[in-house]
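# Survey of secondary and tertiary structure
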Amino acid sequence: MDLCFNFSRCHRSEQLLIYSYNSPQPEQPKPTYMHQFPSSIWHTSDPEKACLLFYFSDSQANTDAWIKPKLSNLLPYWNNGLNHVIISFADRWSDTNPPSQSIGMASILATNLRTTTYRPHFDISIPLPRLNLDVPSELGSLKPFERKYFLTFKGTRYLSREGNFRSSATFRNMHNGVDVIVATTCKHETIDKLLRWQPWRGSKCDNDQVIFDSYDFLELLNSTFGLVPAGRSPASYRMLEVLSVGMIPILIVENYLRPFNSLIQWQHCLLQFSTSEMHLILPTLRKMPRVEVEARQRYCQQVFDKFLKDDNILMNSVIRSLKDRFVGRLPNFVAQHTI
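We now turn to the structure provided with this report. (Residues numbered from 1 in each chain as written. Predicted model: local features only at pLDDT ≥ 70, side-chain atom pairs only at ≥ 80, totals over all residues. Heavy atoms only, no water.)

## Remarks on the sheet that holds strand β10 (residues 271-273)
The condition that has to hold: Following DSSP output, two strands are said to pair if at least two bridges run between them. Numbered from the N terminus, helices here are DSSP runs of H or I no shorter than four residues, and strands are runs of E no shorter than two. Only the stretch in contact is used when fitting a helix axis, every axis being a line fitted to C-alpha atoms; angles between N-to-C directions are given from 0 to 180 degrees. Working rule for contacts: check all heavy atoms of both residues, and any pair within 4.5 Å makes them a contact.
Taken in spatial order, the five strands of this open sheet run β7-β6-β8-β9-β10, and their pairing is parallel. Of all strands in the sheet, those bounded by a partner on one side alone are β7 (180-185) and β10. Neighbour to neighbour, the strand axes of the sheet diverge by 20° on average, direction disregarded. Those strands touched by helix α6 (residues 205-213) are β6 (149-156) and β7, and its axis lies near 120° from that of β7. Packed on one face of the sheet, helix α10 (residues 290-308) meets β8 (223-229), β9 (248-252) and β10 and runs near 90° to β9.

## Concerning the packing of aromatic side chains
Applicable threshold: Stacked, tilted and edge-to-face pairs are distinguished by plane angle, under 30 degrees for stacked and over 60 for edge-to-face with tilted covering the rest, among Phe, Tyr and Trp rings (Trp via its six-membered ring) whose centres lie within 6.5 Å. Relative accessibility under 20% of the residue-type maximum defines a buried residue, over 50% an exposed one, and the middle range a partly exposed one, all with a 1.4 Å probe and only protein chains included. By the criterion adopted, a ring carries a charge over it if an Arg CZ or a Lys NZ lies within 6 Å of its centre and within 35 degrees of its normal.
By the definition in use, this model includes 10 aromatic pairs. Taking the centre distance of 5.2 Å and the plane angle of 70° together, the rings of F150 and F225 count as edge-to-face. Placement of F150 in strand β6 and of F225 in strand β8 is noted, with a sequence separation of 75 residues between them. Accessibility classification places F150 together with F225 in one group, the buried group. Connected via pairs of aromatic rings, a cluster forms that spans Y19, Y21 and Y77. Positioned above the aromatic ring of F150 is the side chain of R286, whose terminal nitrogen or guanidinium carbon lies 4.4 Å from the ring centre.

Written out as C-alpha cells, the structure reads:
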C-alpha cells in the first residue's frame, strides 16, 4: 500500500467512492453479487472523485473473444494500475484476465487467489456466489449429530486436469452408503467430449452414476459436515451452499486463499485438507469432540449471517475488505470489527 497506492485520492469523501469502467454483467457467464454495485452508495460516475477504480476483467465480452487485454490501452485512467482493482470470478486467471506481468500496481479482487502468490493486505480473496437458493430454511436450526448424515457430497467427478482427485479411490471410497455419502457423476459437457476421445478414463462412471441418482441433493444438505472439494478452481460454489444450511465445510484444496481472510477467522469454522491428506478426513472428523463440533458450527453460522448470507451482505463484505486495507491511514474510513 505504501508503494502502490495513492491515498490522496481517498481523502475527498467521507464515503469510499469507486468508479467502474464496465458493468459486472449479472447473468453472464454466471450471476454474481457484484451486479448491484452500479446502483450502490459507493459508485461514482466521476473518475476524478473516485478513491478506487474497478475493472471487471471476466466480462462476457472478454469471455466470448477469449482475449487478454493490455490494460494500458483499454483503461484511460490506468496510470500503471494505481488505485485500480481488477475483479475476476473466472476459474483460471489465464482464461479472460490480463497477463499477470501487465497488471502494474493494480490490486486483485478474485475468487481464484493462491496463498503463495497473493500480496497480503493488498489483494483480496472473495467467494463464488451462492447458486442454489432453494434450500430448506429449517436445516439451519439443526444441531450437529441431530442431522441425517455425518458427511456428504454430490457433484461432478472430473477425469482430467484440475479436480481429477475426485476420481481417486481415496475420495470416492469415503462413501459408505450409511452416514457418509459421496455421490459423483461423469455427466458434464467437457467430460463427454473427453470420453469420446479417451473412453478408458470413464472407468466406474456407470457405478458412480447409480449412486448419484440414488440421492437427492437437498436431502444431502441435512448433514453435520459437507465436503467442499476443489474443482476446476480452488474456489467452490458449494462453500456457500454448505454454510447456508448450518453444515461445517470440509475443504479439499491446495494453495487456496480463503475468502475475506482479513474479516473471518476460518480456522474456527472449517477444516482444510490437501489432496494427499484425504485419507485423514474421516478419522479426524470421527475423533472430534462433540463440544468442538458444536463450537465450529456456531462460528460458521455467525460467519454466514454476518458476511455471506445474501447479495447485499456479500457486497458489504467486499467493501469492508477494501476499507480494511486503509485502517490507520484514512480516518474517514472507520475500521470494522471482525468475528
